[in-house]
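Report on the structure
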Amino acid sequence: MSVCIHTSWGDIVMEEKGGALRSCTLPTWHRAPRRPFKVTGVSSTDGVVTAKTLRDVGQFAKACFEGRAATLPSFVFPDGPAFHRKVWKALLRIPAGRTQSYGALARRIGHPRAARAVGQACGANPLPLIIPCHRVTAAHGALGGFSCGLAWKELLLDRERDGAH
DNA sequence: CTAGTCGCCGGTA
DNA sequence: TACCGGCGACTAG
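Residues numbered from 1 in each chain as written. Chains lettered and ligands numbered in written order. Predicted model: local features only at pLDDT ≥ 70, side-chain atom pairs only at ≥ 80, totals over all residues. Heavy atoms only, no water.

Another point: the pairing of strand 3 (residues 20–25). In the sheet, strand 2 (residues 12–17) pairs with strand 3 via 5 bridges, with the strands oriented antiparallel. By the bridge assignment for strand 3, Glu16 is matched with Leu21. Where strand 2 folds back onto strand 3 in an antiparallel hairpin, the turn is made up of 2 residues, including Gly18, whose phi is positive at roughly 60 degrees. (Pairing = 2+ DSSP bridges. Helix = DSSP H or I, 4+ residues; strand = E, 2+ residues; numbered from the N terminus.)

Next up on the list: the protein's contact with DNA strand B. For DNA strand B, the full set of nearby residues is Pro81, Phe83, His84, His111, Arg113, Ala114, Arg116, Ala117 and Gln120. Atoms of DNA strand B within 4 Å of the protein: sugar and phosphate make up 69%, bases the balance. One of the side-chain N or O atoms of His111 is found 2.9 Å from a phosphate oxygen in DNA strand B. Within the side chain of Arg116, one N or O atom sits 3.2 Å away from a base oxygen of DNA strand B. (Near = heavy atom within 4 Å. Polar contact = N/O pair within 3.5 Å; in protein donor to acceptor, adjacent residues only side chain to side chain.)

So, on to the state of the cysteines. Joining two cysteines, a disulfide is a covalent bond between their sulfur atoms. The full count for this structure, using the stated rule, is 0 disulfides. No disulfide involves Cys133; its sulfur sits 5.9 Å from the nearest other cysteine sulfur, which is in Cys122. Classification of Cys133 by relative accessible area gives buried; the value is 5%. Here Cys148 stays unpaired: no disulfide links it, and the sulfur of Cys133, its closest cysteine neighbor, is 7.3 Å away. According to the relative accessible area criterion, Cys148 is buried, its value standing at 10%. (Disulfide = S-S within 2.5 Å. Buried < 20%, exposed > 50% of the residue type's maximum accessible area, 1.4 Å probe, protein only.)

Counting across every chain of the model gives 6 aromatic pairs. Between the aromatic rings of Trp9 and Trp152, the centroid separation amounts to 5.1 Å while the plane-to-plane angle is 65 degrees, which identifies the pairing as edge-to-face. Separated by 143 residues along the polypeptide, Trp9 in the loop between strand 1 (2–7) and strand 2 and Trp152 in helix 5 (residues 150–163) bring together distant segments of the chain. Each member of the aromatic cluster is reached from another via a ring pair, and the members are Trp9, Phe37, Phe65 and Trp152. (Phe/Tyr/Trp six-rings, centres within 6.5 Å; stacked < 30°, edge-to-face > 60°.)

With that settled, the discussion passes to the protein's contact with DNA strand C. Contacts to DNA strand C come from 19 residues, most closely from Tyr102, Arg116, Cys133, Ala139 and Gly145. Atoms of DNA strand C within 4 Å of the protein belong to the sugar or the phosphate in 31% of instances, the rest to bases. Between Gln120 and DNA strand C, the recorded distance is 3.4 Å, taken from a side-chain N or O atom to a base nitrogen. Among the elements of the structure, helix 3 (102–108) and helix 4 (115–123) are those that each provide at least two residues to the surface near DNA strand C. With 7 residues, helix 4 is the largest single contributor of residues to the surface near DNA strand C. The residue inventory of the surface near DNA strand C, partitioned by class, reads 9 nonpolar, 8 polar and 2 charged. (Nonpolar A, V, L, I, M, F, W, Y, C, P; charged D, E, K, R; others polar.)

Attention now goes to the domain arrangement of chain A. Each assigned domain of chain A is listed with its residue range as follows: domain 1 (2–66) and domain 2 (82–163). The C-alpha-based centres of domain 1 and domain 2 are spaced at 21 Å. Counting residues at the interface gives 20 residues for domain 1, matched by 14 residues for domain 2. Taken over both partners, the interface formed by domain 1 and domain 2 buries close to 1,600 Å², and the fraction arising from carbon and sulfur atoms is 73%. On inspection of domain 1 and its partner domain 2, the count reaches 0 salt bridges. Our count for the domain 1 to domain 2 interface comes out at 5 residue pairs in polar contact (both at pLDDT 80 or more). Of all the elements in the fold, those that place two or more residues in the side of domain 1 that touches domain 2 are strand 2, strand 3 and helix 1 (51–66). (Domains from an automatic or database assignment. Contact = heavy atoms within 4.5 Å. Buried area = accessible area lost by both parts, 1.4 Å probe. Salt bridge = Lys/Arg side-chain N within 4 Å of Asp/Glu carboxyl O.)

The following block contains the structure:
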């Protein structure tokens, strides 16, 4: 029922149901650990996960942390309030290697003053990595926040930027 | 550049 | 109704 991506920064757990992801949780790191980040393996926490799911998720995670464009594994679009869903949909349209500010995203979905509410929706995203809330930054270059700790956001953006050379 | 203020909006208790 | 954010724009220093 769940896939585990082992990394030097701890395990990333993706809950899966019928071959489709429903949630993704990563260990919280407010500051980056000293050791370099590395994906060390992928496994399922029980015998139920199919080999295909395992392979898809593993490849996605790899690509994700190498900054390469990755095919999304199949996932169920999360349930939630209409506004949140609107934000999450918009997130899926930000390509790897690019970022957009909370305010700009707010304008894009037709709520020009709702920058802060956009932040809320990002924080409520049940599928980080898949739904790329890390690509939303504060205006004028500041990083903004990240629910699992800013270290991840920084890592992901760095890798995507390098990968997008 | 930093620190503080103030207005903003949508979700939740 | 009140409160609280992964914000942003605007001041002062």
